[in-house]
Amino acid sequence: MLTRFPRRRDAALFLGLALTLGVLATLSITASLAHVGRTFPGFLVWNNLVVVSIGQPTWTGMQGDVPFRARVHAIDGHPVTTRDELYRIVRGAGPDVVHLYEFEAQGAVAERPIAAMVLTPADYAATIGLYIVNGLAFLAAGFAVFYLKPEARQSRAFLAFT
């Protein structure tokens, strides 16, 4: 397979990138799969507590009109500063428990009662899983182009873009 490359350093670059990105993808996917089957707020948040603009219509956060791109400021009257702290509170109470969230966006504060729920495999596949499939498809396209034409600068640029 590596004899396909006219220069040895192209083969080393291909192999090094493939191994590195394979390990990173595996670690990322494994870490995200750890949330499946566990209680979550009914909406997704980034590390900085900003509400992510994705979710299933059946999720309690979507039904409770959670404000996208707002920051979770407090839960049940207790200020939170990290996503881990938020998840610790939600998971400690269990699924189906209604929490009162305080969201802050552009200086305005909004409160929403939202029940916690369990992230199912179907929920994962329909949200986070789609991003994973999309990312892997882009990565495969980049490697395919580089593999087919390793000597072309355009193929390196395409690989770097993906």
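Okay, so let's go over this structure. These numbers come from a predicted model, not from an experiment.

## As for the packing of helix α5 (residues 128–148) against helix α6 (residues 153–161)
α6 packs onto α5 with a crossing angle of 165 degrees between their chain directions and a minimal axis gap of 8 Å. What the angle tells us is that α5 and α6 run roughly antiparallel. The interaxial crossing formed by α5 with α6 has left-handed handedness. Contacts between α5 and α6 involve Ala141, Gly142, Phe143, Val145 and Phe146 from the former and Ser155, Arg156, Phe158 and Leu159 from the latter. Its residues assigned to classes, the contact of α5 with α6 comprises six nonpolar, two polar and one charged.

## Regarding the nonpolar core
Residues Phe43, Val72, Leu86, Tyr101 and Phe103 are the most contacted members of the largest nonpolar core, which totals 25 residues. Breaking this core down by element, the ones donating at least two residues are β2 (71–75), α3 (83–93) and β4 (98–105). For Leu86, the contacting residues outside a window of four places in its chain are Pro41, Val45, Leu49, Val72, Ile75, Val80 and Tyr101. Counting residues in hydrophobic clusters, the runner-up holds seven residues, among them Phe5, Ala11, Leu139 and Phe146.

## Quick look at α5
End to end, α5 covers 30 Å across 21 residues, agreeing with the expected 30 Å (1.5 Å per residue, within 8%). Listed in full, the buried residues belonging to α5 are Gly129, Ile132, Leu139, Gly142, Phe143 and Phe146. Down the axis of α5, the buried set is contained in an arc of 150 degrees. They therefore lie on one face. Facing away from the buried side of α5 by more than 90 degrees, the exposed set consists of Leu130, Val133 and Leu148. Contacts from the buried residues of α5 go to α1 (8–33), α4 (121–126) and α6.

## Points about unusual backbone geometry
With the exception of glycine, most residues fall at negative phi, and the peptide bonds are largely trans. With a phi close to 60 degrees, Asp65 is a non-glycine residue in the positive phi region. Relative to the assigned elements, Asp65 resides in the loop between α2 (60–63) and β2. At Asp96, a residue that is not glycine, the phi angle is positive and equals roughly 70 degrees. Looking at the element boundaries, Asp96 is found in the loop between α3 and β4.

## Considering the packing of α1 against α5
Relative orientation of the contacting elements α1 and α5 amounts to 175 degrees, with a least axis distance of 12 Å. Viewed along their axes, α1 and α5 adopt a mutual orientation that is roughly antiparallel. Residue-level inspection shows Asp10, Leu13, Phe14, Leu17, Ala18, Leu21, Ala25, Ile29 and Ser32 of α1 in contact with α5, the latter providing Ile128, Ile132, Leu136, Leu139, Phe143, Phe146 and Tyr147. Partitioned by chemical class, the residues of the contact of α1 with α5 number 14 nonpolar, one polar and one charged.

Conventions used here
Residues numbered from 1 in each chain as written. Predicted model: local features only at pLDDT ≥ 70, side-chain atom pairs only at ≥ 80, totals over all residues. Heavy atoms only, no water. Axes fitted to C-alpha atoms, helices over the stretch in contact; angles between N-to-C directions. Helix = DSSP H or I, 4+ residues; strand = E, 2+ residues; numbered from the N terminus. Parallel < 35°, antiparallel > 145°, perpendicular 65-115°, else oblique. Left-handed = near helix turned anticlockwise from the far one by under 90°. Contact = heavy atoms within 4.5 Å. Nonpolar A, V, L, I, M, F, W, Y, C, P; charged D, E, K, R; others polar. Core = buried A, V, L, I, M, F, W, Y, C linked by side-chain atoms within 4.5 Å. Buried < 20%, exposed > 50% of the residue type's maximum accessible area, 1.4 Å probe, protein only. Expected span 1.5 Å × (residues − 1). Arc of directions from axis to C-beta.

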